[in-house]
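# Observations on the three-dimensional arrangement
Residue-level listing of the chains:
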Amino acid sequence: MTPEPPYLTIAAAIRRRIRSGELAPGDPVPSTRAVTREWGVAMATATKALAVLRREGLVRVEPGVGTLVAARSGDTRPEPLTRRRVVRAALELADAEGLNALTMRRLATVLDTSAMALYRHVPGKGELVRLMADEACGEVPLGPVPAHWRPGLERAARWLREVYARHRWMAQAMASFTRPVASPNAMAYTEWVLAVLRGTPMTSSQKLHTHLTLFAFVQGLALADDLEEQARLDTGLSGDEWMEQNEPRFDAAQSGRPYPLLDEVTRDGGFELSLETLFEFGLQRTLDGIAAMIDETSG
């Protein structure tokens, strides 16, 4: 007897939770990441399992919230396909599996439709990614512009880092400075940062370069975040586990020749590096540099 495919086994388990009342209408169902952790399967398998439940009308996708148990009724007609629904589904897929996993064919499978149906709403992946980036940048408002430039730039940097943390694929989508994404919400972010700098004595060129320097700093760490996440998915190892596994290689490299200065800063476990500590250190030093430039300019 041929064993049941894993995605059908997972769909059946979640279906039982819904029908037993363990998951009530409006409750969130396990996300693709939660499914991969609970059942030890790949993201693609988790996505297929949730797609089965969507086709059955047992769950629905709520933009900005996630996948929820659908209301119990006799009406199981599929949700109509709209541009916003396509964009939100693409955003969720890229969040779960990365931008490289997003194809029109794969997205059509998730939405239980044909690739040709998607092209009625978006002309291709390039435009789809632009719409996704705009959606992501519009999720959380920046709020009013602070009176002083330093807390304003700090808020802007932390806001951008949070966007990248929610959507790691954004680091790739927004990577080009000479060919920026034509996104109204991303342009609104630039406008907000320039408003923060409006009261400083900097020239227009200096203000724009200040904005792009801060953007590039956050972008660089976001790319590192994305690479770390991909490495974790590919190897199944956390950063600490990877370091522990590769410690013999580092020991062998150090035994070949002396590195006294490197040994000094890493000796006795006194040096801890994470992308968060690097962000905090780099952000404050970047702001210090801007402060020094403003003082020099004002003089």
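Residues numbered from 1 in each chain as written. Predicted model: local features only at pLDDT ≥ 70, side-chain atom pairs only at ≥ 80, totals over all residues. Heavy atoms only, no water.

## Regarding the pairing of strand E1 (residues 59–62)
Every second residue of E1 is oriented toward a common face, the buried set being Val59 and Val61 and the non-buried set Arg60 and Glu62. With four bridges joining them, E1 and strand E2 (residues 66–69) adopt antiparallel strand pairing. Paired with Glu62 across the strands is Gly66, a residue of E2. (Buried < 20%, exposed > 50% of the residue type's maximum accessible area, 1.4 Å probe, protein only. Helix = DSSP H or I, 4+ residues; strand = E, 2+ residues; numbered from the N terminus. Pairing = 2+ DSSP bridges.)

## So, the environment of Gly152
Note on placement: Gly152 falls in helix H8 (residues 149–166). When sequence neighbours within four positions are dropped, the list of residues in contact with Gly152 reads Pro146, Trp192 and Val196. (Contact = heavy atoms within 4.5 Å.)

## Re the packing of aromatic side chains
Given two aromatic rings, one states the distance between the centres and the angle between the planes to describe the pair. All told, the structure shown has three aromatic pairs when counted by the stated rule. Look at Trp159 and Tyr189: their rings are 5.0 Å apart centre to centre, the planes differ by 15°, and that puts the pair in the stacked class. With Trp159 in helix H8 and Tyr189 in helix H10 (residues 184–196), this residue pair connects regions lying 30 residues apart in the sequence. Comparing Trp159 with Tyr189, the two get one shared label, buried. Pairwise contacts between aromatic rings join Trp159, Tyr189 and Phe215 into one cluster. A cation over an aromatic ring shows up here: Arg161 above the ring of Phe279, its NZ or CZ 5.1 Å from the ring centre. The lysine or arginine in question, Arg285, covers the ring of Phe281, its NZ or CZ lying 5.2 Å from the ring centre. (Phe/Tyr/Trp six-rings, centres within 6.5 Å; stacked < 30°, edge-to-face > 60°. Lys NZ or Arg CZ within 6 Å of the ring centre and 35° of its normal.)

## Some thoughts on the layout of surface pockets
One number sums up the size of the largest pocket: a volume of about 710 Å³. Lining the largest pocket we find 31 residues, and of these Ser31, Thr32, Gly66, Glu92 and Asp95 sit closest to its centre. At the level of secondary structure, the elements contributing two or more residues to the lining of the largest pocket comprise helix H2 (32–39), helix H3 (43–55), E2, helix H4 (83–97) and H8. Here the lining of the largest pocket takes eight residues from H4, the largest share from any one element. For the lining of the largest pocket, a count of residues per class yields 14 nonpolar, seven polar and 10 charged. (1 Å grid on protein atoms, 1.4 Å probe; cavity = no way out; pocket = protein on both sides within 12 Å on 5 of 7 lines; lining within 4 Å. Points joined across faces, edges and corners; volume = space filled by probe spheres on them. Nonpolar A, V, L, I, M, F, W, Y, C, P; charged D, E, K, R; others polar.)

## Some points on the nonpolar core
By size, the foremost hydrophobic cluster in this structure holds 55 residues, and its most contacted members are Leu107, Leu128, Met132, Trp149, Leu153 and Met170. Elements that contribute at least two residues to this core include exactly H4, helix H5 (104–110), helix H7 (125–137), H8, helix H9 (170–173), H10, helix H11 (204–235) and helix H14 (275–298). With eight residues, H8 is the single largest residue contributor to this core. Discounting residues that sit within four places of it in the chain, Trp149 has contacts with Val196, Leu197, Thr200, Leu287, Ile290, Ala291 and Ile294. Grouped together as the second largest cluster of nonpolar side chains are 15 residues, Val35, Ala46, Ala49 and Val69 included. (Core = buried A, V, L, I, M, F, W, Y, C linked by side-chain atoms within 4.5 Å.)

## Observations concerning the environment of Cys137
Its location among the elements puts Cys137 in helix H7. On the basis of relative accessible area, Cys137 is assigned to the buried category, the value being 7%. Residues Cys137 and Tyr189 lie 52 residues apart in sequence; the distance between their C-alpha atoms is 8.2 Å. Excluding residues within four positions of it along the chain, Cys137 makes contact with Trp159, Met170, Asn185 and Ala186.

Such coordinate-based values are descriptive only and should not be taken to indicate function.
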